[in-house]
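# Structural overview for review
Here is what each chain is made of, one letter per residue.
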Amino acid sequence: MVVGTRKVMVLVVLMVAVVVMSRSEAVELCSMNQEGLDECKPSVTEPPANPTVKCCKALSGADLTCLCSYKNSMLLPTLGINPKLAMELPAKCKLTPPPNC
């Protein structure tokens, strides 16, 4: 029962974050600002593009452990983000992902 409630709470928090992000011009997620997120989006959506230098620079300053916490999120596909492509992005930018990610 507690696990189910916790999952619902996480989903609600993520949904609120999406609403706030869609209404705000300056968004930051896991130490990535809106510009960095926008630079990387073509690399994590279909059909994927190779990450740009700007994307990799933004990703290098991001909290990869925080970003990894979204890998099983049901929210990513609803935003057009392919979780598999998102998990491959650090390696494409020659960054080491956190353990167990």
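Within each chain, residue numbers correspond to sequence positions counted from 1 in written order. pLDDT decides what is reported in this predicted model: residues at 70 or higher carry local features, side-chain atom pairs at 80 or more are listed and counted, and totals for whole chains, interfaces and linings draw on all residues regardless. Side-chain figures throughout are based on the complete set of non-hydrogen atoms in the structure, without hydrogens or water.

A few words on the side chain of S73. Looking at where S73 falls in the secondary structure, it is placed in the loop between α4 (64-68) and α5 (75-78). Working definition: with a 1.4 Å probe on protein chains only, accessible area under 20% of the residue-type maximum means buried, over 50% means exposed, and in between means partly exposed. For S73, a relative accessible area of 11% gives the class buried. For the purposes of these results, a polar contact is taken to be a pair of N or O atoms within 3.5 Å, where, inside protein, one atom must be able to donate a hydrogen and its partner to accept one; residues adjacent in sequence count only when each atom of the pair is a side-chain atom. From its side chain, S73 meets the backbone nitrogen of L75 in a polar contact 3.0 Å long. The way it works is that DSSP assigns letters per residue, a run of H or I at least four long becomes a helix, a run of E at least two long becomes a strand, and they are numbered from the N terminus.

This next bit is on helix α6 (residues 83-92). For α6, the set of buried residues is L85, A86, L89 and P90. Buried residues of α6 fall within an arc of 150° about the axis and therefore sit on the same side. Facing away from the buried side of α6 by over 90 degrees, the exposed positions are K84 and A91. The N-terminus of α6 is capped by N82, whose side-chain oxygen sits 2.8 Å from the backbone nitrogen of K84. In this description, one arc is meant: the one made by directions from the helix axis to the C-beta atoms.

Every buried residue belonging to helix α3 (residues 53-60) is among C55, C56 and L59, and all of these are buried. Down the axis of α3, the smallest arc covering the buried residues is 95°, so these residues share one side. Looking at α3, the residues exposed on the side facing more than 90 degrees away from the buried face are V53, K54 and K57. Contact definition: two residues touch when any of their heavy atoms are within 4.5 Å. Looking at the buried residues of α3, the elements they touch are β2 (32-33), α2 (34-40), α4 and α6.

Take the nonpolar core next. Nonpolar cores are built from buried Ala, Val, Leu, Ile, Met, Phe, Trp, Tyr and Cys residues. Side-chain atoms within 4.5 Å join them into one set. The biggest cluster of nonpolar side chains holds 16 residues, and the ones touching the most others in it are M32, V44, L59, L67 and L89. Secondary-structure elements contributing two or more residues to this core are α3, α4 and α6. Excluding residues within four positions of it along the chain, L67 makes contact with L29, C30, M32, L59, A62 and M87.

Another aspect to go through is the confidence of the model for the protein. In low-pLDDT regions, the fine details of the predicted coordinates are not to be read closely. The predictor reports its confidence for every residue as pLDDT, a score running from 0 up to 100. Here the protein averages 81 in pLDDT, and 75% of its residues register 70 or above. At the low end of the mean pLDDT range in the protein sits helix α1 (residues 2-23), at 42; at the high end sits α3, at 97. Counted against residues more than four places away or in other chains, residues 2-17, with its pLDDT under 50, gives 4 contacts.

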